[in-house]
Amino acid sequence: PGAMPPSRRWLSLLALCAGARAAAPAQPQLRMVALDLDGTLLNRKHEASPAAVETLRELHAAGVVIALCSGRSHVAMYETARRLQLPEVPLVCFNGALGLRCSADFLFGKGGEPEEMFKTPVPEEAAQGVLRHAAQRGELVQYYVGPDIHVVCQTDDHVALTHDYAALTGVAAHVYQKTYDEAIARGLPYKMLIMTREIDSTLDAARAALPTSDVHLIRGTPPFFVECLHPAVNKGEGLRRLCGALSIPPSEVVAFGDGDNDLEFIKLAGLGMAMANARQVLKDAADCVVEFDNDNDGVARALRKLMLEGRFGSRLAQIEQERLADLASTQTGTGPA
């Protein structure tokens, strides 16, 4: 990568990067782990591994906030939040358009509702523009309002794309209709997706037709949709608003991502980590590139290294040293009889 600005030079943390040989000087203690889901925390089966869950629970027990930050809807994030089994999980949903604090009682159906921290939907004129543009090109739009995804499918492939998306998120949230009138009547969308088999040409056409002052467009991950958001919304801004709500400076956050929508996200965080499987544009912008990918516990391994280096405090560093010593003694047969 090119030269980093002075305010971020301390972020090299070379021991966490592939091929690293030395640790960086003393750095601020990290108080939040902010995690993208697909391609980052979740493996190709769309699951958080036992090693990741164990690591995150250990960090949370030591007082570290564990936040999930995704382009997914809130409904499609709840299952991963439940998997962590934490008392509370903050969510940045729809790439920053919605922020929630979810209690364990809510996640496990014992009552209550999430606390809404912020919300910024797509403006009405921009939403109408996306619908007109997609209709002219014969493309399917997913319109997100409330817990539902409204779609008007004109072809068999449109239907297949909705099935592909449901398989990705694990949530059957589509409402199939003949027009978008009911969706529009329900309110402004958190986001819209233009579904596609040709991601680059679809993105280029949308950028040519839709002004950046009206809508923020993002190449989807995995690449079979183009995300359409309020022009001021991105995952980095969502993380900034989350930090404000929780009174945690962004400099005390480590953020992990893999896709184009994570660019502002990892740049804002005190320590921005790109997965080994990340797109090159994200690796170029990151403070570090994780040595392992999402199918080989990249997040858990990187967090363990951070723990060992004392980035989450001396107590966790000691616990991790003891864990590694116990593991080594067990593997060499020198442990207790």
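Above this text you will find the structure in question.
Throughout this document, residue positions are counted from 1 along each chain, in the order its sequence is written. Per-residue local features are limited, in this predicted model, to residues with pLDDT of at least 70; the limit for side-chain atom pairs, both in listing and counting, is 80 or more; totals at the level of whole chains, interfaces and linings are taken over all residues. Water and hydrogen atoms play no part in the side-chain values, which are based on all heavy atoms of the structure.

(A) Structural detail: the overall build of the protein. Here a helix means four or more residues in a row that DSSP labels H or I, a strand means two or more in a row labelled E, and each is numbered from the N terminus. A tally of helices and strands in the protein yields twelve helices and 14 strands. To get the radius of gyration, use the C-alpha atoms; to get the globule rule, take the number of residues to the power 0.38 and multiply by 2.2 Å. Relative to the 2.2 N^0.38 estimate, which gives 20 Å for 337 residues, the radius of gyration of the protein is 21 Å and therefore close to what a compact globule would have. Once the C-alpha set of the protein is aligned to its principal axes, its extents read approximately 70 × 50 × 35 Å. For every residue, the accessible area (1.4 Å probe, protein chains only) is compared with the maximum for its type, and the residue is labelled buried under 20%, exposed over 50%, or partly exposed between those bounds. With 337 residues in all, the protein has 52% of them scored as buried. By definition, residues are in contact when any of their heavy atoms lie within 4.5 Å. Partitioning the intrachain contacts of the protein with sequence separation of at least 6 by distance along the chain shows that 61% fall at a separation of at least 24. For the area figures, the Shrake-Rupley method with a 1.4 Å probe applies, and any residue is considered shielded solely by the protein chains shown. On the protein, roughly 14800 Å² of surface is accessible, and the fraction owed to carbon and sulfur atoms is 50%. On the protein, the mean spot of the 33 positive side-chain charges and the mean spot of the 41 negative ones are 4 Å from each other. For the purpose of charge, His is not counted, nor are the chain termini; Lys and Arg are scored as positive and Asp and Glu as negative. Note that the charge is assigned to NZ on lysines, CZ on arginines, CG on aspartates and CD on glutamates.

(B) Seen up close, the nonpolar core. Grouping buried Ala, Val, Leu, Ile, Met, Phe, Trp, Tyr and Cys residues that are joined through side-chain atoms within 4.5 Å yields what is termed a nonpolar core. Counting residues in hydrophobic clusters, the biggest one holds 104 residues, and the most contacted among them are Val-33, Phe-256 and Phe-312. Per element, the largest residue contribution to this core is six residues, and it comes from helix α11 (residues 298-308). With sequence-adjacent residues up to four places away left out, Phe-256 is seen in contact with Val-33, Ala-34, Leu-35, Asp-36, Thr-40, Phe-265, Met-273, Met-275, Val-290, Val-299, Ala-302 and Leu-303.

(C) Inspection of the layout of surface pockets at higher detail. A pocket, in this scheme, is an open set of points on a 1 Å grid over the protein atoms alone with protein on both sides within 12 Å along at least 5 of 7 lines, while a cavity is a set where a 1.4 Å probe fits but cannot get out; residues line either one if an atom lies within 4 Å of a point. Grid points are joined across faces, edges and corners, and a volume is the space filled by probe spheres set on the points. Its volume calculated, the second largest pocket comes out at about 210 Å³. Together, 17 residues line the second largest pocket, and Asp-38, Gly-39, Thr-221, Pro-222 and Asp-258 are the ones closest to its centre. Each residue gets one label: Ala, Val, Leu, Ile, Met, Phe, Trp, Tyr, Cys and Pro are nonpolar, Asp, Glu, Lys and Arg are charged, and the others, such as Gly, are polar. Residue classes in the lining of the second largest pocket are distributed as four nonpolar, seven polar and six charged.

(D) Summary view of the packing of aromatic side chains. Any Phe, Tyr or Trp ring, taking Trp's six-membered ring, that has another such ring centre within 6.5 Å forms a pair; planes under 30 degrees apart are called stacked, those over 60 apart edge-to-face, and the others tilted. Tallying each qualifying case throughout the model produces seven aromatic pairs. Within the aromatic cluster, the residues linked to one another by ring pairs are Phe-94, Tyr-144 and Tyr-190. Charge over a ring is defined by NZ of Lys or CZ of Arg lying within 6 Å of the ring centre and within 35 degrees of the ring normal. Here the basic side chain of Lys-191 rests over the ring of Tyr-144, its NZ or CZ set 5.2 Å away from the ring centre. When the ring centre of Phe-265 is taken as origin, the NZ or CZ atom of Lys-235, which lies over that ring, is 5.3 Å away.

(E) Quick look at the environment of Ala-34. Residue position: Ala-34 is located in strand β1 (residues 32-35). Using a relative accessible area of 0% as the deciding quantity, one classes Ala-34 as buried. C-alpha separation for the pair Ala-34 and Ala-269, spaced 235 residues apart in sequence, amounts to 8.6 Å. The contacts of Ala-34, once residues within four sequence positions are left out, are Ala-67, Cys-69, Leu-239, Val-253, Val-254, Ala-255, Phe-256 and Phe-265.

(F) Examining the sheet that holds strand β12 (residues 253-257) more closely. Pairing within the open sheet is mixed, and its eight strands lie in the order β5-β4-β3-β2-β1-β12-β13-β14. Of all strands in the sheet, those with a lone pairing partner are β5 (115-119) and β14 (288-289), marking the two edges. Judged from the two bridges that link them, strand β13 (residues 271-274) and β14 form a sheet pairing that is parallel. Its bridge partner being in β14, Met-273 is matched across the sheet by Cys-288. Packed on one face of the sheet, helix α8 (residues 235-246) meets β1, β2 (65-69), β3 (88-93), β4 (98-103), β5 and β12 and runs near 135 degrees to β5. In this description, a line fitted to the C-alpha atoms serves as the axis of each element, helices being fitted only across the stretch in contact, and the angle between N-to-C directions of two axes falls anywhere from 0 to 180 degrees. α11 contacts β1, β12 and β13 of the sheet and is inclined by roughly 155 degrees relative to β12. DSSP calls a pair of strands paired once it identifies at least 2 bridges connecting them.

(G) Region of interest: unusual backbone geometry. Within the chain, His-46 stands out as a residue other than glycine whose phi angle is a positive 65 degrees. Its place among the elements puts His-46 in the loop between β1 and α1 (50-61). His-46 gets classed as partly exposed once you look at its relative accessible area, which sits at 34%. At Asn-95, a residue that is not glycine, the phi angle is positive and equals roughly 60 degrees. Within the element layout of this structure, Asn-95 appears in the loop between β3 and β4. Residue Asn-95 is classed as buried on the basis of its relative accessible area, which comes to 0%.

(H) View of the pairing of β4. Pairing of β3 with β4, which is carried by six bridges, proceeds in the antiparallel orientation. What sits directly across from Pro-90, in β4, is Arg-101. Where β3 folds back onto β4 in an antiparallel hairpin, the turn is made up of four residues, including Phe-94, whose phi is positive at roughly 55 degrees. Of the strand pairs in this sheet, β4 and β5 are connected by four bridges, and their pairing is antiparallel. Within the sheet, the bridge partner assigned to Leu-100 lies in β5 and is Glu-116.

(I) How the structure looks around the pattern of salt bridges. Salt bridge criterion: a side-chain nitrogen from Lys or Arg within 4 Å of a carboxyl oxygen from Asp or Glu. Summed over the entire model, instances satisfying the criterion amount to 19 salt bridges. Close ionic contact of Arg-304 with Glu-58 constitutes a salt bridge, the shortest N to O distance being 3.2 Å. Of this pair, Arg-304 sits in helix α11 while Glu-58 sits in helix α1; the two residues are 246 residues apart in sequence, bridging distant segments of the chain. When sorted by exposure, Arg-304 lands in the same class as Glu-58, which is buried. In this structure, Arg-219 and Asp-200 form a salt bridge, with 3.3 Å as the shortest nitrogen-oxygen distance. Placement of the pair is Arg-219 in strand β10 (residues 216-219) and Asp-200 in helix α7 (residues 199-209), with a sequence separation of 19 residues. Residues joined in a network through salt bridges with shared partners are Glu-58, Arg-304, Glu-320 and Arg-323.

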